[in-house]
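One-letter residues, chain by chain:
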Amino acid sequence: MAKTRFIQSSFVSGEVSPLLKGRIDINQYYQAVETADNVVIVPQGGLRRRPGTEFIADCVKGLTKMSPTYTMPNGGTASVLNDDDDTTTTSTTTAIGTNDPYVVAKMDLSSDQAIKFIDIRQISLSSGTSTEFKAQYSTDDVTYTDAEDVALIGTNPQNFRLLVDQTARYWRLARVGSTDLGSATVTIAGLSLYQESAILSTPRLVDMSVEDDRHYLIEFTRDNIAIFRSQLVGLNIQTTRVADIKPTYTGLSSSDIEGIRVAPIENVILIFGNFEPMRLVNLGTDDDWFLDNIPFTNIPQYDFDDALSPTPVNEVQIMSLGHSQGPNWRKGDRFEIDIEGVTSKSITYAGDTGADEQSSTVFNIQKNLQEMPVFGETGVLVERIGDDEYRITISGESTKDFELFSAYVTEGDADHEISFEKVPPAGSPRKEDVWSSTRGYPKSACFYEGRLVLGGTRSKPQSIFMSKTGAFFDFDIDDGDDDEAIFATISARKLNDIVDVYPGRNLQIFTSGAEFAVTSKPVTPSSINIQPQTSHGARNIEVQDVDGSTMFVDRHGKSLLGFLYSFNEDAYTTDDRSVLASHLIKQPVDMALLAGTASDDANWLFIVNEDGTGTVLNTLRSQDINGFTRWTTGGDIKSVCVVDDQLFMTVERNVNSVNRLFIERWDFDYRMDCSIKSVQVAGVIDGLDHFEGETVKAITREGYGDFNENYTLSSYTVSGGEITLDPSEVYSLTTYEVGLNFVPTIKPMPLNTNIGSGQNQMRLKKIVRMNLRVNESYGIEIDGLAVPIRAFGASGDTSPLTGNSIVPISGIIDDVYDINGWGRDIVPTITCPDPTPMHIQMIEYEIEGN
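Because the structure is a prediction, the values reported are computed rather than measured.

### A look at the overall build of the protein chain
Moving on, step 1. A count of helical and extended segments in the protein chain gives three helices and 67 strands.
Moving on, step 2. Viewed in the frame of its principal axes, the protein chain has a C-alpha envelope of about 125 × 85 × 40 Å.
Moving on, step 3. Residue burial in the protein chain is summarised as follows: out of 850 residues, 53% are buried.
Moving on, step 4. A sequence separation of at least 24 residues applies to 64% of the contacts in the protein chain between residues at least 6 apart.
Moving on, step 5. Summed over all atoms, the accessible surface of the protein chain reaches about 35300 Å², with 46% contributed by carbon and sulfur.
Moving on, step 6. Distance from the positive charge centre (69 side chains) to the negative charge centre (122 side chains) of the protein chain: 7 Å.

Given below as structure tokens:
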């Protein structure tokens, strides 16, 4: 039998579509694998076990407001505290002085209840400041325990949401301390208790960086905004919950939450979606935040002219032509009318004697007024109501509450007089704010050329709005000066609802039907030019910039496309990045980029599919790396976000028959999912409340990375938020990782080599020998059989009790595959069933053919 050798040393094409099994004519075939599950591409070479994930927190479910009985022992109107109105306040009447405790308000739930949050609204002191206020709970109304401290309270009203997570019947807000606050009293608008409900909705994760060393993960849920700080402490990344905030939106659906978009700048993040846009401001510390609705000014007006439009009220003003002395007005006299700083063309007085003269004068006034830019195309009516007296009625699309008109003579006697009088009621327009609760709010946003750019609303889905230069909340478009706001609508044959706006080389606009770019520079009201570029259409998820190319998912959810400027075309072009792995793009719902450099790992684009799986694109254009791998876990991935250089995701997992949502952070120093690291105390590992009732896996993790002594231990069932290790698996000074195991799987493409008369991809063949080059790996199996690559002690004893741990090795593993017979698609399946390191750098086959 003829034999040949085949070496696969590159895996940069990752997993490719099953349809490519016949494409032995392209180089990617020999750089790809048929299956790359739970592995990632290493730009320097090979495939390795994907990162595990660290458990960060439970996602907040829906919240239910409780209705306790309120009392205010030190005076005040208790009913105000639960009226959901921040504008109505009540004040205590007893001076705080040195009273300890000084109870502001008490709440009785009638029975023990699990409380998640306490909201304190618009609280302030009449004088002084204090850090001694606390939320407390009790089961007997006698002994109270601190649930959470309230931050510094002063004379300016503040809002606080306190995460308490306690079960009790009695709750109170009290000053506990001895500082003499003198005659100060407390003013407060609301004090509410919230219980977590069973409503589970997908959260939206976004990032916010305030300084080089202050990076925040923000989690939006239906009834809460949670803020986490991610920072390096020693050699570990710590992610800490620092604040919770009551949002200004209410009643949002899961799809509304998933559709939230943000535009961060300095210490402010602007938040957009199916609600009134919000502004979240960091005031300098981790727990000091301020949230309100964006204070827009001069919102553009638009006449929708439909059943939802306001009913217009006519504006009526009387114009009188007079003279104090000298001759009356004569034919040919001319005048101009000034309306709120805008001047009409010159109007000719045609006389007031006889019907023809009167009609001509009325026509001249009406025609010139209607042409003024302060009015619409129609709606101006002029009527003669007396000698040289005219009633001007503004209606329909032109009406509003105008300032009193004025006028002056341009040709005629100097003593001619023109006066105006407003006739009540004042006019009101049919035009309305282009975004509002009635018309919908902006869907996406970014900053570009010193302007805030808003993309599309429910009622104007093809329009963009750009603020005044340097005044992000001012959208004044009246004068059309170069620095004034812009209101422009895309004109195209296809339906082009705006999906996202992105500030690249040009302002890029992604719509449901095509891709556009604003090609004018700089962008001004008179120069704005929205040019069509390509016609794929984008899915409604946020685009990402990867290596200078803007990546987006096509409207069908089946392709990942790159939007890149081409100097040859002098326009933007798109290329299909996923054409060789289209089966891994499954109606994506979110994606985020973890950027790398040429000397480090390549760019990781994490794509969340509708079916709960993840797809990871590893790309670096300069090195011709563009490969996809799968990410599967024991649950459904819902969303993803990158904060600084850390990737976070939310995962829905079924824990003890209950669906729960977790925030998790990917990290190569973790080998399992949703896991924690902890030092055992007397054989007990706690901190596992999120896995109550579930079976988890444990391993030892001494040191950092894969260069340490590790032992794979048994599986345990969590009870009371902890596990108790078997005495044989208890080691001193050893860090343990506990979590959910996953299995990396690699299956190469069907082998194609030259044997005898030529290629044998479809011929019968047999692998008679196979060698692997690995890096820092152990625990590898091929077709379910263990590869003997573990390092043994002197006596061959692998028991940790003798001090001989399992040590990862690097090098070539010889003769690891000869178990299968003849076949056409005979290829090995490489797995790593235990949470041990795996990095396959090269595979060598010796093949025998017929």
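### Quick look at the pairing of strand S20 (residues 261-265)
Moving on, step 1. Alignment of S20 against strand S21 (residues 268-273), held across five bridges, turns out to be antiparallel. What sits directly across from isoleucine 265, in S21, is valine 268.
Moving on, step 2. Turn length for the S20-S21 hairpin, with the two strands adjacent in sequence and antiparallel, is two residues, and the turn residue glutamate 266 shows positive phi of about 50°.

### As for the nonpolar core
Moving on, step 1. Ile120, Trp171 and Leu191 are the most contacted members of the largest nonpolar core, which has 34 residues in total.
Moving on, step 2. Formed by 27 residues, the second largest nonpolar core is a distinct cluster that contains Ala36, Leu751, Val827 and Ile840.

### Overview of the sheet that holds strand S37 (residues 486-489)
Moving on, step 1. Within the open sheet, the four strands sit side by side as S34-S35-S36-S37. Their pairing is antiparallel. The open sheet has two edge strands, strand S34 (444-448) and S37, and neither has a second partner. Here the average twist between neighbouring strands, direction ignored, is 20°.
Moving on, step 2. Sheet topology note: the S34/strand S35 (residues 451-455) ladder contains five bridges and is antiparallel. Bridging across to S35, serine 444 finds its partner in glycine 455.

### What about helix H3 (residues 354-370)?
Moving on, step 1. The end-to-end C-alpha distance of H3, which contains 17 residues, comes to 25 Å, matching closely the 24 Å that a straight helix rising 1.5 Å per residue would cover.
Moving on, step 2. Taken residue by residue, H3 has Glu357, Thr361, Val362, Asn364, Ile365, Asn368, Leu369 and Gln370 as its buried positions.
Moving on, step 3. Buried residues along H3 sit against strand S25 (315-323), strand S26 (334-339), strand S28 (347-348), strand S29 (380-386) and strand S30 (389-394).

### With respect to empty space enclosed by the protein
Moving on, step 1. Under the counting rule described, the total for this entry stands at two cavities of 30 Å³ or more.
Moving on, step 2. Empty space within the largest cavity amounts to approximately 70 Å³.
Moving on, step 3. Around the largest cavity, the lining residues are Phe6, Gln8, Tyr29, Tyr30, Ala32, Pro748, Met749, Pro750, Leu751 and Asn752.
Moving on, step 4. For the lining of the largest cavity, the secondary-structure elements that each account for two or more residues are strand S1 (2-8) and helix H1 (27-30).
Moving on, step 5. Within the lining of the largest cavity, the residues separate by chemical class into eight nonpolar, two polar and no charged.

### Some thoughts on the packing of aromatic side chains
Moving on, step 1. Taken as a whole and assessed by the stated rule, the structure comprises 36 aromatic pairs.
Moving on, step 2. Between the aromatic rings of phenylalanine 296 and phenylalanine 475, the centroid separation amounts to 5.7 Å while the plane-to-plane angle is 70°, which identifies the pairing as edge-to-face. One end of the pair, phenylalanine 296, is in the loop between strand S23 (289-293) and strand S24 (301-302); the other, phenylalanine 475, is in the loop between strand S36 (463-466) and S37, and 179 residues separate them in sequence. You'll find phenylalanine 296 and phenylalanine 475 in the same group, each marked buried.
Moving on, step 3. With 6.4 Å between their ring centres and 10° between their planes, tyrosine 731 and tyrosine 736 make a pair best called stacked.
Moving on, step 4. Residue tyrosine 731 is classed as buried on the basis of its relative accessible area, which comes to 11%.
Moving on, step 5. Overall, tyrosine 736 belongs to the buried group, its relative accessible area being 0%.

Calculation criteria
- Residues numbered from 1 in each chain as written.
- Predicted model: local features only at pLDDT ≥ 70, side-chain atom pairs only at ≥ 80, totals over all residues.
- Heavy atoms only, no water.
- Helix = DSSP H or I, 4+ residues; strand = E, 2+ residues; numbered from the N terminus.
- Buried < 20%, exposed > 50% of the residue type's maximum accessible area, 1.4 Å probe, protein only.
- Contact = heavy atoms within 4.5 Å.
- Areas by Shrake-Rupley, 256 points an atom, 1.4 Å probe, with all protein chains shown as cover.
- Lys, Arg positive; Asp, Glu negative; His and termini not counted.
- Charge placed at Lys NZ, Arg CZ, Asp CG, Glu CD.
- Pairing = 2+ DSSP bridges.
- Core = buried A, V, L, I, M, F, W, Y, C linked by side-chain atoms within 4.5 Å.
- Axes fitted to C-alpha atoms, helices over the stretch in contact; angles between N-to-C directions.
- Expected span 1.5 Å × (residues − 1).
- 1 Å grid on protein atoms, 1.4 Å probe; cavity = no way out; pocket = protein on both sides within 12 Å on 5 of 7 lines; lining within 4 Å.
- Points joined across faces, edges and corners; volume = space filled by probe spheres on them.
- Nonpolar A, V, L, I, M, F, W, Y, C, P; charged D, E, K, R; others polar.
- Phe/Tyr/Trp six-rings, centres within 6.5 Å; stacked < 30°, edge-to-face > 60°.

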